[in-house]
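Spelled out, the chains give:
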Amino acid sequence: MNEVQEKDHFWYYIAGVVVAVIVTLAMVKNSEHEKYATAAKAIAEDPVNSAYKHDVP
């Protein structure tokens with residue numbers, strides 16, 4: 001009776017999913033940063049371009 005036991009790769013699958021989620025979140029965060037660059041530039045030039053009211057005298 002020479003049975004070969006197959007290794008369980010459960011934790012490797014879990015680690016792969018975690019890494020994939022982290023990479024996906026980082027990619028989304030980077031793409032969202034570039035999305036608002038033109039708005040930030042316009043607000044830096046003239047604060048009136050902001051959608052928020054600044055009542056500071």
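Up top is the structure.
Residues numbered from 1 in each chain as written. Predicted model: local features only at pLDDT ≥ 70, side-chain atom pairs only at ≥ 80, totals over all residues. Heavy atoms only, no water.

Participant: So what about a nonpolar patch on the surface? Which residues, and what values?
Facilitator: On the surface, Phe-10, Trp-11, Ile-14, Val-18 and Ile-22 cluster together to form a nonpolar patch covering roughly 530 Å² of accessible area. Counting through the fold element by element, Phe-10 comes out in helix α1 (residues 10-35). (Patch = residues over 30% accessible without salt bridge, like charges linked within 9 Å, V, L, I, M, F, W, Y side chains within 5 Å. Areas by Shrake-Rupley, 256 points an atom, 1.4 Å probe, with all protein chains shown as cover. Salt bridge = Lys/Arg side-chain N within 4 Å of Asp/Glu carboxyl O. Helix = DSSP H or I, 4+ residues; strand = E, 2+ residues; numbered from the N terminus.)

Participant: Break down the packing of aromatic side chains for me, with residues and values.
Facilitator: Considering all chains together, one arrives at one aromatic pair under this definition. With 5.0 Å between their ring centres and 75° between their planes, Phe-10 and Trp-11 make a pair best called edge-to-face. For Phe-10, a relative accessible area of 41% corresponds to the partly exposed category. (Phe/Tyr/Trp six-rings, centres within 6.5 Å; stacked < 30°, edge-to-face > 60°. Buried < 20%, exposed > 50% of the residue type's maximum accessible area, 1.4 Å probe, protein only.)

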